[in-house]
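If you want the building blocks of each chain, they are given just below.
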Amino acid sequence: MAFQPIVDVRQREIIYYEALVRGPNGESAFSILDQVTDDLLYRFDQACRIKAIELASDLGMRERLSINFLPNAVYEPEACIQATLETANRVGWPTEQINFEITETERVNDRLHMRSIIESYREMGFTTSLDDFGNGYANLDLLTDLRPDTLKIDRDLVMDCDSSNRRQAILRSLVALAKTLGTQLIAEGVETREESRCLLALGIPMQQGYYFSYPNLEALADIDDAKYD
């Protein structure tokens, strides 16, 4: 696992670390997921959760931990979460410090089932995010059925936002939408100071991307204070 920080630019602090799957030689998450067959999906999802919590504890993480999960691997929320709860209890990790990200690699085939997962996790004290919002399978229509705590805005909407009036218009609309729905926004894929400053001005202080830090393999990053200026 690698960890990438999610920062609050306004508060000048790291608020989450996202746990990202990596291969033994640093291979990307996509290359690893391509090797996971349907019959191994559930075991793989469980193993990733356990590994992320154990590593976060070993590294002395104090911030919230965000874990990607594969919605089609969760056949029954209460049963599938047991290994996660057991691991959190064993290492002393508070459940309210865990956020689950609905990954963009899968289409949500059964939205009622997905809503059941989100609502069940919320009752257990977890929070949830919809990853890569605005691209791929994470589209606006999902919000008619799903009520995640956070929307993570895809890099395609963030890229060059400081010089794109159209992207700024879309981002303003998302800020208004999130306020109406009671959902927080996180901008993904922030790569320049100009993008970060523009997002903050638009009302999106929570940000993630290479501008702040690349994912660190089995390590936690420190953010240079200058990144917040």
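Below you will find a few notes about this structure. (Residues numbered from 1 in each chain as written. Predicted model: local features only at pLDDT ≥ 70, side-chain atom pairs only at ≥ 80, totals over all residues. Heavy atoms only, no water.)

Turning our eyes to something else, we now look at the overall build of the protein chain. When its secondary structure is counted, the protein chain shows eight helices and nine strands. The globule rule puts the C-alpha radius of gyration for 229 residues at 17 Å, and the 17 Å found for the protein chain is close to it. In terms of overall dimensions, the protein chain has C-alpha extents of about 45 × 40 × 30 Å along its principal axes. Burial status across the protein chain gives 49% buried among its 229 residues. Long-range contacts, defined as pairs at least 24 residues apart, comprise 68% of the intrachain contacts of the protein chain with a sequence gap of at least 6. With an accessible surface of roughly 10900 Å², the protein chain has 47% of that area assigned to carbon and sulfur atoms. Within the protein chain, the 39 negative side-chain charges are centred at a point lying 5 Å from the centre of the 23 positive side-chain charges. (Helix = DSSP H or I, 4+ residues; strand = E, 2+ residues; numbered from the N terminus. Rg over C-alpha atoms; globule rule 2.2 N^0.38 Å. Buried < 20%, exposed > 50% of the residue type's maximum accessible area, 1.4 Å probe, protein only. Contact = heavy atoms within 4.5 Å. Areas by Shrake-Rupley, 256 points an atom, 1.4 Å probe, with all protein chains shown as cover. Lys, Arg positive; Asp, Glu negative; His and termini not counted. Charge placed at Lys NZ, Arg CZ, Asp CG, Glu CD.)

Looking now at the layout of surface pockets. Taken as a whole, the second largest pocket encloses approximately 180 Å³ of empty space. Around the second largest pocket sit Asp 8, Val 175, Ala 178, Lys 179, Thr 183, Gln 184, Leu 185, Gly 203, Ile 204, Pro 205 and Met 206, which together line it. For the lining of the second largest pocket, the elements supplying multiple residues, two or more each, are helix H7 (165-181) and strand E7 (184-187). Counting residues per element, the lining of the second largest pocket draws most heavily on H7, at three residues. (1 Å grid on protein atoms, 1.4 Å probe; cavity = no way out; pocket = protein on both sides within 12 Å on 5 of 7 lines; lining within 4 Å. Points joined across faces, edges and corners; volume = space filled by probe spheres on them.)

Enumeration over the complete set of coordinates arrives at nine salt bridges. Asp 229 is the partner of Arg 12 in a salt bridge, and the nearest nitrogen-oxygen pair spans 2.9 Å. Residue Arg 12 is found in the loop between strand E1 (2-8) and strand E2 (13-20), and its partner Asp 229 is found in the segment after strand E9 (216-217); the two are separated by 217 residues along the sequence. What makes Asp 229 partly exposed here is its relative accessible area of 43%. Linking Arg 49 and Asp 45 is a salt bridge whose minimum nitrogen-to-oxygen distance equals 3.0 Å. Here the residue Arg 49 and the residue Asp 45 both occupy positions in helix H2 (residues 41-58), the gap between them amounting to four residues, near one helical turn. Comparing Arg 49 with Asp 45 shows no difference in burial state: the two are buried. (Salt bridge = Lys/Arg side-chain N within 4 Å of Asp/Glu carboxyl O.)

We now examine the environment of Gly 209. You can see Gly 209 is positioned in the loop between strand E8 (206-207) and E9. Leave out the neighbours within four places in its chain, and Gly 209 touches Gln 4, Gly 189 and Val 190.

As a further point, take the nonpolar core. Counting 58 residues, the largest nonpolar core has Leu 65, Trp 93, Ile 98, Phe 100, Ile 153, Leu 171 and Leu 199 as the members making the most contacts within it. The dominant element in this core, judged by the number of residues it contributes, is H2, at seven residues. Contacts of Leu 199, omitting those with residues within four sequence positions, involve Val 158, Cys 161, Leu 171, Ala 187, Val 190, Ile 204 and Gln 207. Judged by nonpolar contacts, the second largest core, of five residues, contains Ile 6, Ile 15, Tyr 16 and Ile 186. (Core = buried A, V, L, I, M, F, W, Y, C linked by side-chain atoms within 4.5 Å.)

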